[in-house]
Every structure is written in C-alpha cells, then in structure tokens.
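Understanding the architecture of this molecule
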Amino acid sequence: MRFNMVLLGLMVMSCSLALASDPSPLQDFCVAEPNTPVLVNGLACKDAKLVQADDFLFRGIHLMGNTSTDVGSKVTPVSVAELPGLNTLGISLARIDFAPWGINPPHTHPRATEILTVLEGNIQVGFVTSNPENRLITKVIGKGDIFVFPIGLIHFQRNVGNGYAVALASLSSQNPGVITIGNAVFGSNPDVDGDLLAKAFHVDKNVIFQIQSKF
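As the structure is a computational prediction, the values presented were derived from the model and not from experiment.

1. Some remarks on the overall build of the chain
- Along its length, the chain carries four helices and ten strands.
- Along its sequence from the N terminus, the chain presents helices and strands in the succession α-β-β-β-β-β-β-β-β-β-β-α-α-α.
- For the chain, with 215 residues in total, the buried portion stands at 31%.
- Relative to all contacts within the chain whose residues are 6 or more apart in sequence, the contacts with residues 24 or more apart total 69%.
- Here the chain displays about 13600 Å² of accessible surface, and carbon together with sulfur accounts for 61% of that area.

See below:
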C-alpha cells in the first residue's frame, strides 16, 4: 500500500513537470494560423498542405534595433507572432540592442526560462529570487558569455560600457510573455489605486501619482 502511494506521488510529480512548459507537438509541425476563429491554448494549425518554407523563416535578426528609447534599448522578438512555424515547438528568441548605459528594465517571462548570450559589449545581468529572501544575483558578462534567467523570476540587463551592446535571448516557449514591472504596477489600465500602492511601497500617495504620470 505504501509503495503504491509513493508510486502515485511520483506519477503526479511527473505530470506536473510535464505540464510546466509548452506541450510537446503531436505532429511534425503545426504552423500557426492566426486568422482562424478556433480558440485553443496556443494557435490553431494551418493546413499542412498549404505550408511553405517561408512559414519557417524570419529575416532581419542581424539588423540593429533603434535604441533611441526612454530606456536606451530595443528588443526585437522572434516568437510565434513573428514566425508562425514556431507554433507548438516550445522555443523563441529575441535580439536586444543597447545604447551606451541603456537598460532592459526589470521584467519577467511568465512562461519561459531565458538564456542570454552576449554578442558584443559588456552587460550587467541580474535576477531576484522569490519571497522571502528576495536575493539579488547579478554579474557583469562580456562577449561570448551566457547567463540563464529562471522562469518567472524578475530580471534585468544593463549595458555597462560606452559603446553599443548586443545580446541574443533564447526562451523556452513559443510565446514567453513579458511583464515589465514598472509598466504593470504603475501603468496599468485602469490605474491601480494610489492608496494601495502608497501603502505597498511605503511612500506618500503623491509620489505614486507622480510615478504613474510617467507611464
């Protein structure tokens, strides 16, 4: 009886792990068909007979993004939205360009682990562990270095040089999602109540209103 309970527990754990990432494909490919009215967890499949090589192709990842932004960086995503052939394959990537001292602000990917490879420059990377420790793990990495951000944890990047920097991020989901912390907390629609945020951040409500006005 005890053995059966242990076996059942292992089976439940295995199922939980299996469901912790994008589901495995059940056919060779499932090119996304965004125009279908069918709603599924992901995107419905295009008729395999109509699939072409271009469904698996994305051009332009070598092109530098425009870093003239408020944060001094530009993310060029290649997810299922840009590359339909990624549908059901559980992977995507993004190019990140940084102006001198530009940042990719604190954010999280709710559905993906991220592996960052530096192609040019020196970048400070870091993530914060979950409550209650909230430990900051950070390091400056350079060209050819690789750093991993565990799924769901808040993380960031910053160019710490006077030249431009470039990195390539690989993500373990066709649609990893992005939640930028500042935008989510202070730029939501409608606004999160100022009294609530003032209490959460231990500041005066007017400080919250000032921050919200910037989003």
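2. Thoughts on the packing of aromatic side chains
- On inspection of all chains with the given rule, the structure shows five aromatic pairs.
- A centroid spacing of 5.5 Å and a plane angle of 80° characterise the contact between Phe-29 and Phe-56, whose relative ring orientation is edge-to-face. Taken together, the residues Phe-29 in the loop between helix H1 (2-18) and strand E1 (73-78) and Phe-56 in the loop between H1 and E1 connect sequence positions 27 residues apart.
- The rings of Phe-127, Phe-147 and Phe-149 are connected pair by pair, giving a single aromatic cluster.

3. Quick notes on the pattern of salt bridges
- All chains considered together, the criterion is met by four salt bridges.
- In this structure, Lys-143 engages Glu-120 in a salt bridge whose closest nitrogen and oxygen atoms are separated by 3.6 Å. Residue Lys-143 is located in the loop between strand E6 (136-141) and strand E7 (146-149), and its partner Glu-120 is located in strand E4 (residues 114-120); the two are separated by 23 residues in the primary sequence.
- For Lys-143, a relative accessible area of 59% gives the class exposed.
- Given the relative accessible area of 40%, Glu-120 is considered partly exposed.
- Where Asp-195 meets Lys-205, a salt bridge forms, and the shortest distance between an N and an O atom there is 3.2 Å. Linking Asp-195 in helix H3 (residues 194-201) with Lys-205 in helix H4 (residues 205-212), this pair joins segments that are ten residues apart in sequence.
- The class for Asp-195 is partly exposed, based on a relative accessible area of 45%.
- Given the relative accessible area of 32%, Lys-205 is considered partly exposed.

4. Concerning the sheet that holds E6
- Here five strands make up an open sheet; going across it, the order is E6-E5-E8-E3-E10 and the pairing antiparallel. Two strands bound the open sheet, and with one partner strand each, they are E6 and strand E10 (179-180).
- Sheet topology note: the strand E3 (residues 103-108)/E10 ladder contains two bridges and is antiparallel. Bridging from a neighbouring strand, Thr-108 pairs with Ile-179 of E10.

5. Things to note about the environment of Val-125
- You can see Val-125 is positioned in strand E5 (residues 123-128).
- Take Val-125: its relative accessible area is 0%, and that puts it in the buried class.
- As for Val-125 and Phe-156, which are separated by 31 residues in sequence, their C-alpha atoms are 5.9 Å apart.
- Setting aside chain neighbours within four positions, we find Val-125 in contact with Leu-116, Ile-137, Thr-138, Lys-139, Ile-141, Phe-147, Phe-149, Phe-156 and Gln-157.

6. Points about the pairing of E7
- Burial of E7 is one-sided: the residues Phe-147 and Phe-149 facing one way are buried, the residues Ile-146 and Val-148 facing the other way are not.
- Inspection of the sheet shows E4 paired to E7 by four bridges, in the antiparallel sense. Paired with Ile-115 across the strands is Val-148, a residue of E7.

7. What about a nonpolar patch on the surface?
- On the surface, Ile-115, Ile-146 and Val-148 cluster together into a nonpolar patch covering about 260 Å² of accessible area.
- With respect to the secondary-structure elements, Ile-146 resides in strand E7.

Analysis parameters
Residues numbered from 1 in each chain as written. Predicted model: local features only at pLDDT ≥ 70, side-chain atom pairs only at ≥ 80, totals over all residues. Heavy atoms only, no water. Helix = DSSP H or I, 4+ residues; strand = E, 2+ residues; numbered from the N terminus. Buried < 20%, exposed > 50% of the residue type's maximum accessible area, 1.4 Å probe, protein only. Contact = heavy atoms within 4.5 Å. Areas by Shrake-Rupley, 256 points an atom, 1.4 Å probe, with all protein chains shown as cover. Phe/Tyr/Trp six-rings, centres within 6.5 Å; stacked < 30°, edge-to-face > 60°. Salt bridge = Lys/Arg side-chain N within 4 Å of Asp/Glu carboxyl O. Pairing = 2+ DSSP bridges. Patch = residues over 30% accessible without salt bridge, like charges linked within 9 Å, V, L, I, M, F, W, Y side chains within 5 Å.

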